[in-house]
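# Examination of the molecular architecture
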Amino acid sequence: MLLISLALAWPTIWTPIPRDGADLEDEANDQVNSDEHVDIVGDASFPAGYWSLDDENLYFRIRVNEGPWNQEGVSLQEGSWGIALELDGDPSNLEYVIGMAGTLPTIEFLQHGTGSGPSATLTGYFDYSYTPLDDNLLLIEKADSSIDGDPDWFIDLAVARVDAETRFGIEDTTSFQVAIVTGQDNGMSTFDADQAGLLGMGNIGWSDALAIDEDGDGLSGPEEAEAGTDPKDADSDDDGLNDSRELDINTDPLLCDTDGDGLPDGLERGVDFPGPDTDTSAGCYIEDADPETKTHAKKIDTDDGSVLDGDEDINSNGRVDAWELDPNVGEDDVDADLDGVLNGVEAWCELDGGVVDDGDGGGDSDADGVDDAIEGTLDQDGDGIPSFCDEDSDGDGLSDVEEGTGDNDGDGTPDYLDDTDDALCEEDEEPDTGELLAGDFTGGHFTGGACSSAGGAGALFPALLSLFSLLGLR
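Computed from a predicted structure; not experimentally measured.

What follows deals with the overall build of the chain. Scanning the chain from terminus to terminus reveals nine helices and 18 strands. Residues classed as buried in the chain amount to 46% of the 474 residues present. Restricting the contact set of the chain to residue pairs at least 6 apart, pairs at least 24 apart contribute 52%. A total of about 21,500 Å² of accessible surface is found on the chain, and carbon and sulfur atoms cover 49% of it.

Bringing the sheet that holds strand β12 (residues 138–142) into the picture now. Spatial strand order, β1-β4-β5-β13-β12: five strands in an open sheet with antiparallel pairing. Two strands close off the open sheet at either side, each with one partner strand: β1 (15–16) and β12. Where strand β4 (residues 49–53) and strand β5 (residues 57–64) come together, five bridges link them in antiparallel fashion. Paired with Tyr-50 across the two strands is Arg-61, which belongs to β5. Lying over the sheet, helix α1 (residues 161–168) contacts β4, β5 and β13 (153–160), oriented at roughly 75 degrees with respect to β13.

Another point: the packing of aromatic side chains. Following the criterion strictly, the structure yields eleven aromatic pairs and no others. Of note, Arg-61 hangs over the ring of Phe-154, and the distance from its end group to the ring centre comes to 3.9 Å. We note Arg-167 situated over the ring of Phe-126; from NZ or CZ to the ring centre the distance is 3.7 Å.

What follows concerns the state of the cysteines. Summed over all chains, the structure comprises two disulfides. One disulfide bridge connects Cys-256 with Cys-284, the sulfur atoms lying 2.4 Å from each other. Because the torsion about its S-S bond is 135 degrees, the bridge between Cys-256 and Cys-284 counts as right-handed. Of this pair, Cys-256 sits in the loop between α3 (243–248) and α4 (265–268) while Cys-284 sits in the loop between α4 and α5 (309–312); the two residues are 28 residues apart in sequence, bridging distant segments of the chain. Judged by relative accessible area, Cys-256 falls into the partly exposed class, the value being 27%. Under the relative-accessibility criterion, Cys-284 is labelled buried at 5%. The partner cysteine of Cys-349 in its disulfide is Cys-389, sulfur to sulfur 2.1 Å. Across the disulfide from Cys-349 to Cys-389, rotation about the S-S bond amounts to roughly 90 degrees, and the bridge is consequently right-handed. Taken together, the positions of Cys-349 in the loop between α6 (343–346) and α7 (372–375) and Cys-389 in the loop between α7 and α8 (400–403) put the pair 40 residues apart, joining distant regions of the chain. Exposure class is identical for Cys-349 and Cys-389. Each is buried.

On the surface, Asp-55, Glu-56, Glu-223 and Glu-226 cluster together into a negatively charged patch. Taking relative accessible area as the criterion, Glu-223 reaches 38% and is therefore assigned partly exposed.

Here the focus is α1. The complete set of buried residues in α1 reads Arg-161, Asp-163, Ala-164 and Phe-168. Along the long axis of α1, the arc covered by the buried residues comes to 160 degrees, so they all point the same way. Turned more than 90 degrees away from the buried face of α1 sit Val-162 and Thr-166, all of them exposed. Two residues or fewer past α1, Gly-169 is found with a positive phi of approximately 80 degrees.

Conventions adopted
- Residues numbered from 1 in each chain as written.
- Predicted model: local features only at pLDDT ≥ 70, side-chain atom pairs only at ≥ 80, totals over all residues.
- Heavy atoms only, no water.
- Helix = DSSP H or I, 4+ residues; strand = E, 2+ residues; numbered from the N terminus.
- Buried < 20%, exposed > 50% of the residue type's maximum accessible area, 1.4 Å probe, protein only.
- Contact = heavy atoms within 4.5 Å.
- Areas by Shrake-Rupley, 256 points an atom, 1.4 Å probe, with all protein chains shown as cover.
- Pairing = 2+ DSSP bridges.
- Axes fitted to C-alpha atoms, helices over the stretch in contact; angles between N-to-C directions.
- Phe/Tyr/Trp six-rings, centres within 6.5 Å; stacked < 30°, edge-to-face > 60°.
- Lys NZ or Arg CZ within 6 Å of the ring centre and 35° of its normal.
- Disulfide = S-S within 2.5 Å.
- Patch = residues over 30% accessible without salt bridge, like charges linked within 9 Å, V, L, I, M, F, W, Y side chains within 5 Å.
- Salt bridge = Lys/Arg side-chain N within 4 Å of Asp/Glu carboxyl O.
- Lys, Arg positive; Asp, Glu negative; His and termini not counted.
- Charge placed at Lys NZ, Arg CZ, Asp CG, Glu CD.
- Arc of directions from axis to C-beta.

Have a look at this one:
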């Protein structure tokens, strides 16, 4: 009983078979005999062999120097064409061959019999199809090249994936090599006419390793080659999304932040656990602290509110934390009261009940006498609370109301933002700026100056002269 799965359609995209990191090539007229229909040909522009696959079948393509037909569509000239398979780690033998030959074309599976190297004798293993043309497992047509001057031809073979697994042990993650071979007769006991990639028949020209899906990311080897992804790494850009998922959602599997908004693709799509191939040390993966919420990985401003997603999620953890904007709510990106503090940030301030529109001028959310428009979102003392909603903006233990907006030490920083000005020079202090500033006596205290031992003397001298003049001591 033949195990045949009919190919519904031949591939439109073929991937060159690689050897030593380059597309497989083969010189013209290097076959053992004079028959050009068994002469494998290929160069850098037109490789000698290709492969492809879909959900049902594996496909292989051979480029030959001349058409193999004796009577086109009916019978073949003398010769055989095959795809040898290497799976057991012993490259000295043709382990299996998917062979096609016969006056009336047939496809057989063959296995190593006796001898070694490309001239080893093969034995029939499984009669795959007696009518491969009718079964849509064989396609022979003119190629897109004329390497030796005359038109070249393609010989395409299809094998059902279920049969490749059952007969050869080729599963999705199995690594295997292939060699393209031809024989002088149609017996298929030896493939001794030509092989791709080598001059002569002394060795076997095995390809680089192939796999249907070696890394298990859902992309076939040809698909990985087309996309430029790593066939041995399920997450080529280490952003937490495997390569297949990225192609499905149309993000770039080679770029960890497709839209350039400052948030990795995996974070934007709610990934909270890295896959086995995600290198978390590469600096691209960030665990999502709230995987239920997601943003658009191909749109820099998901909510169209005019603030980039990366600027809304300031700490880049995927969660809307205090004083952050929600990247899925465009309304919080506006400034209703024109105070320079966006609605979504003002809503976090509980001191005034989270009112976002304080009227003309923006109001004073923390009631410290300084308008929100002046204080803004600066976090002067690093306590995680922006100054517009911080009753002690400089964190010195004195409220902004107590300190006021004056500048006691004359360093250009208002007292409510300056944690070094409140002793009013009753004690020596380090200068805020290192510059000596003029000061005067007010209310019995010297104000201004550098408020330090060295700086105080320099600033004190002109003030003392003024005092002595008033006392008539000059």
